[in-house]
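Residue-level structure breakdown
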Amino acid sequence: MTRKIAKLLKTPFFCTAMAIFFGSMVACGILLLTGYSASESLAVMFNAVFSRPKFILNVILKSTPVILTGLSVAFAFKSGLFNIGAEGQYIVSTIASTITGILFDFHPIIQIPLVILSGMLAGGVLGGLVGILKSKFGIHEVLTSIMFNWIALYLCNFVVNIERFHKQDSDGTYSINPSGFTLLLNDWKFSEEGRNFLKDNPILSDIILKTDFNLNFLIAVLIAFIVWVIIYKTKKGYEFRVSGLNPDAAQKAGINVQKNTIYTLFISGLLSGVAGAFSITGTSIHNIQTLSMFENYGFNGLSVALIAGSSPLGCIISGLVFSALIYAGQSLQFKIGAPSEIVNIMIGIIVFFVALVRIVPTLVNRFLEREESLDVK
Amino acid sequence: MEISKDYAVQMRGITKIFGNFKALDNVDLDVKKGETHAILGENGAGKSTLMNILYGLYEADAGEIYLNGERMEIKNPSCAIHSGIGMVHQHFMLIDKFTVMQNIILGNETTDKFGIINTRKAKKRVLEIMSRYGMKVDLKRRIRSISVGMQQKVEILKALYRGAEILILDEPTAVLTPYEVDELLEIIENLKKDGKTVIIITHKLKEIKKSSKECTIIRKGNFVDCVNVEKESEQSLAEKMVGRKVKLSVEKRPASPGDIVFEIKNLNVTCERGLESVKNLSMTLRRGEIYGLAGIEGNGQKELLEAIIGVRHVDSGKILMNGKEIQNKSTRYILDSKISVIHEDRHKDGCVLSMSVADNAILSKYRERKFCINGFLNYEERDKFTDQLIKNYDVRPIGCKNTKIRNLSGGNQQKLIIGREIANNPDLLIAVQPTRGLDVGAIEYVHKILINLRDQGKAVLLISLELDEILDLSDRIAVIYDGSIVGEFNQEKANENNVGLLMAGGKFNDAQNS
């Protein structure tokens, strides 16, 4: 019996759940210290996520980019690389998607893949560049990708101000042509027929009419599965893992570690690229705007990957949790006036506890050892 | 034996249990003051565990420890250091980027009232210790730039600096050259003269004979015997250690060399510091022979190997495998030309510690059609292959396929790696220190495998710092010194004297006469 419980305690899922629990506890403590009722805050946060179908759907929709950037970071982690450049790759992807989305106007069947692929490729190229700099010149990937993040940010602002793209009296570019939208039922829901239909179905109306209803989340889940298959089932994935865990042994086994570094960061960039492209095609107002600061989609991917313990499938769940927390945080400020930063603190604490609970399996093992040695005696 | 003041260390009924494994069962140890005492046992017999208990790294589940006749509780290493016990671990605990001096005083710095380290005072003491025991170490050098033998001296200095009266050396000769071993034995002699007590953990019989007066033998966690070394032969010590009759010398038929398989012609290689490490080196290997490359560490062996397997750039010269030029080709291409390597450092180069045994089993063959279909790994074949390796090479524990290879003992890791490489069916097997850190039983096994391979008409290039191993196994013996091969002998002509002379930089003509 104790063995069974011990085994359960050792599962990564349980550890993560515990980290989230303790993170929430500490956040509650902080709320109390700052003079807000903890139970009220938790109720507000819970309601903010679960009280209406629209809210649930919004959490899911908003989780899509962080799941993808989380996958991007996790994939690099598995190969022993730290892709802190997911942010920049996300940004260049939004830039590329916006440009192709504005310049071209094909039938959706061509337009949508074109826009998404251009975004992915931009992210991939930026990631691959980091890989090339690392493997050819030995420059650490963290340094170059931080630089690239800033280059991407200012590139974005530059593109926004190009006359061809800039929408007058705004901070942003034109929206991409509607043929590139990946919104579902977009035409139908504003048509006569659609509006009449939705009037009789308040739940459907809530989720379809009032959100950027799309299927991008499902594609992100699919991508998570693909990443999992690549890492654990394929030859290349095996090479990536060996290179990540022991580059010396990888090299001596005939694995071209340097080439794999480039591949890995390219793929990692592609994944962040999907996140960027989906943001343009799937959420209004389908354009890029002048950035004064990072929007953190990429950096949040770091937290998502950390919470998931770099497991690709875990990224789906941790992305959802992450997005729910952010979403709830906004209403915390809105409803009871507590600073929404409290949620950021909470996320920080959760990530901290995730690192901390790695010790749990060790503790459990020690406990088991003691039990067994008592048995032997 | 009674508890008495004449004994520096006495341990009684020491028992230690890990999980459901009894590492030590009621073991006694008596070490006379001012003497060298050896602890002999195979890998995993529990000798290191016993010493780790004495040094306070582990707590015994039962048993007592007496120092100089007094009962002591040694809860942790700092407790042990206070009681005058020092330990030099098999894997050195030094900081690479610090200087020798900094490492010696680390954790025990003499400071002035402002908290600033007073090196002068410390240096005086270290110099005094060095001269007393005949040790020469350059205090200003950084650890990473000095040889392993030097690093060991630093560890000994560190222990003495902390006032050790009882010094535990864990497998001290495992990494040393013959010359360095002699130096160490001399240092031990000096320590003894000064009244210090030395405990040596080892499985090398020769050195026990040379260094120690008494020897405690442990087998599978049990106390076997405490013997007077002078009255025992190497053979009888080995039998007590292993628990059965063993062959200390290698048995093999004379070689029948065939065609040339592997050839190096006038090879030149530079190391990362820009120095010429391999100079105009040539060698020829034929099928059906073991070619031993003897030499002191740092004479170009590392660079030579790296050049052969395509990790290091070849400046000039040719490497031919089955008549095909392979210099400056990719490692993958070279390995696919039927070369396999057993690396010296199995943790660094030979396996991926945090992967499973099965994943490690396919490390050098995952690309083969059998294990990889259309880019996807074939887990079924992997498992089948691993089971076979485990069975054929007696890797223990038997059901270890899915455990991390980290949890296997060194000998079992090595068996798996050797099995894996031989399964590649190479025409040339390069074995670098293949028995490093293995016990007698495992060494016997590895040697048998290498000879078997030779008898099947393969070539074996044996690179080893252990002269005995080279002399016993090789059909031809070459000596590498300063990046060149300075002499080559047939096995019957080679002996410790002439090969040793060349290793130390002597002339070939002198060596032939000696």
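Here the residue numbering is sequential within each chain, running from 1 through the sequence in written order. Note on labels: chains are lettered from A, ligands numbered from 1, in written order. Totals for whole chains, interfaces and linings use every residue, but because this is a predicted model, local features are given only for residues with pLDDT of at least 70 and side-chain atom pairs only at 80 or more, for both listing and counting.

Observations regarding the overall build of chain B
- The helix and strand labels rest on DSSP assignments: H or I over at least four residues marks a helix, E over at least two residues marks a strand, and numbering proceeds from the N terminus. Secondary structure assignment for chain B yields 18 helices and 22 strands.
- With C-alpha atoms as the basis for the radius of gyration, the globule rule is written as 2.2 Å multiplied by the number of residues raised to the power 0.38. Relative to a compact globule of 514 residues, whose C-alpha radius of gyration would be 24 Å, chain B shows 24 Å and is just as compact.
- For chain B, the C-alpha atoms occupy an extent of roughly 70 × 50 × 50 Å along the three principal directions.
- Partly exposed residues are those whose C-beta has more than 12 but fewer than 20 other C-beta atoms within 10 Å; with 20 or more the residue is buried, with 12 or fewer it is exposed, and the C-beta atoms are placed from the backbone. Expressed as a percentage of its 514 residues, the buried residues of chain B come to 46%.
- In chain B, the proportion of contacts linking residues at least 24 apart, taken out of those at least 6 apart, comes to 67%. Throughout, a pair of residues is in contact if the C-beta atoms placed from their backbones lie within 7 Å.

Section: the overall build of chain A
- Broken down by element type, chain A carries 18 helices and zero strands.
- Compactness check: chain A gives a C-alpha radius of gyration of 23 Å against a globular reference of 21 Å for 377 residues, within 12% of the reference.
- Across the 377 residues that make up chain A, the buried fraction comes to 48%.
- By sequence separation, contacts in chain A at least 24 residues apart represent 78% of the contacts at least 6 residues apart.

Considerations on helix α6 (residues 178-193) of chain B
- Taking 1.5 Å as the rise per residue, α6(B) with 16 residues should run 22 Å; its terminal C-alpha atoms sit 23 Å apart, in good agreement.
- Looking at the buried side of α6(B), the elements it contacts are β3 (36-40), α4 (119-133), α5 (148-161), β7 (166-170), β8 (197-202) and α7 (205-211) of chain B. Expected helix span is taken as 1.5 Å per residue step, with the number of steps being one fewer than the number of residues.

Focus: the pairing of strand β2 (residues 21-32) of chain B
All names here are of chain B.
- At least two bridges found by DSSP between two strands are what make those strands a pair. Of the strand pairs in this sheet, strand β1 (residues 7-18) and β2 are connected by eight bridges, and their pairing is antiparallel. By the bridge assignment, V9 is partnered in β2 with V31.
- Counting the residues that bridge the hairpin from β1 to β2 gives two residues, and of these G19 lies at a positive phi of roughly 60°.

Some details on the sheet that holds strand β22 (residues 484-490) of chain B
Residue and element names in this part refer to chain B.
- Here we have six strands laid out as an open sheet, ordered β16-β19-β20-β13-β21-β22, and mixed in their pairing. Among the strands making up the open sheet, the edge pair consists of β16 (339-342) and β22. Here the average twist between neighbouring strands, direction ignored, is 20°.
- Note that strand β19 (residues 428-432) and strand β20 (residues 459-464) share five bridges and pair parallel. Counted as the bridge partner of A431 is L462 from β20.
- All axes here are fitted lines through C-alpha atoms, helices being fitted over the stretch that makes contact, and every angle between N-to-C directions spans 0 to 180 degrees. Of the strands in this sheet, β13 (289-294), β19, β20 and β21 (476-481) are in contact with helix α9 (residues 301-308), which crosses β19 at around 150°.
- Helix α14 (residues 410-423) rests against β16 and β19 of the sheet, and its axis sits at about 175° to β16.

Topic: the domain arrangement of chain B
All names here are of chain B.
- The split into domains, and so the bounds of each, comes from an automatic or database assignment of domains. The assigned domain composition of chain B is domain 1 (7-242), domain 2 (249-338 + 430-514) and domain 3 (352-425).
- Computed from C-alpha coordinates alone, the two centres of domain 1 and domain 2 are separated by 33 Å.
- Across the boundary between the two partners, domain 1 contributes twelve residues, which contact 14 residues of domain 2.
- Breaking the side of domain 1 that touches domain 2 down by element, the ones donating at least two residues are α6 and α8 (234-242).
- Considering each element in turn, the side of domain 1 that touches domain 2 owes the most residues, three residues, to α8.
- For the side of domain 1 that touches domain 2, a count of residues per class yields seven nonpolar, four polar and one charged. Three classes are used: nonpolar for Ala, Val, Leu, Ile, Met, Phe, Trp, Tyr, Cys and Pro, charged for Asp, Glu, Lys and Arg, and polar for all others, with Gly counted as polar.

Things to note about the interface of chain B and chain A
- On the side of chain A, 19 residues touch chain B, which itself brings 28 residues to the contact.
- Elements that contribute at least two residues to the side of chain B that touches chain A include exactly β1, α10 (331-336), α11 (346-350) and β18 (376-377) of chain B.
- Among the residues forming the side of chain B that touches chain A, the class breakdown is 14 nonpolar, nine polar and five charged.

Structural notes on the pairing of β7(B)
Residues and elements named next belong to chain B.
- In terms of burial, β7 is largely enclosed, as five of its five residues are buried.
- Side chains of β7 alternate between two faces, with I166, I168 and D170 and L167 and L169 buried alike.
- In this sheet, β7 lies alongside strand β6 (residues 85-88) in parallel orientation, the contact comprising four bridges. Pairing of M87 across the sheet is with I168, part of β7.
- Across five bridges, β7 lies against β8 in parallel orientation. Among the inter-strand pairings, D170 is bridged to a residue of β8, identified as I201.

A closer look at the packing of helix α5 (residues 86-103) of chain A against helix α14 (residues 257-282) of chain A
Residue and element names in this part refer to chain A.
- For the pair α5 and α14, the least separation of the axes is 7 Å and the interaxial angle reads 45°. Between α5 and α14, the crossing angle belongs to the class labelled oblique. Like other packed secondary-structure pairs, α5 and α14 cross with a definite hand, here right-handed. Residues A86, Q89, Y90, I91, S93, T94, S97, T98 and G101 of α5 touch α14, and the partners they reach there are G269, S272, G273, A275, G276, A277, S279, I280 and T281.
- Looking at the contact of α5 with α14 residue by residue, the class counts come to six nonpolar, twelve polar and no charged. Every angle not falling under 35 degrees, over 145, or within 65 to 115 is termed oblique; those three ranges are roughly parallel, roughly antiparallel and roughly perpendicular. In this scheme, a crossing is called left-handed if the near helix is turned counterclockwise away from the far one by less than a right angle; it is called right-handed if the turn is clockwise.

Some words on helix α1 (residues 47-54) of chain B
Residue and element names in this part refer to chain B.
- In terms of burial, α1 is largely enclosed, as eight of its eight residues are buried.
- Every buried residue of α1 is accounted for by K47, S48, T49, L50, M51, N52, I53 and L54.
- Note on α1: the residue one or two positions beyond its end, G56, has a positive phi of about 85°.

Examining the nonpolar core
- Core analysis: the largest hydrophobic core is formed by 155 residues, its most contacted members being B:L54 and B:I430.
- Setting aside chain neighbours within four positions, we find B:I430 in contact with B:L305, B:I308, B:I339, B:V341, B:L461 and B:I463. By definition, a nonpolar core groups buried Ala, Val, Leu, Ile, Met, Phe, Trp, Tyr and Cys residues that are joined through C-beta atoms within 7 Å.

Brief notes about the environment of B:K47
Residue and element names in this part refer to chain B.
- You can see K47 is positioned in helix α1.
- The exposure class of K47 is buried, given the 28 C-beta atoms found within 10 Å.
- K47 sits 42 residues away from H89 along the chain, and the two C-alpha atoms are 12 Å apart.
- Those residues in contact with K47 that sit more than four places away from it in its chain are I39, G41, I201 and I218.

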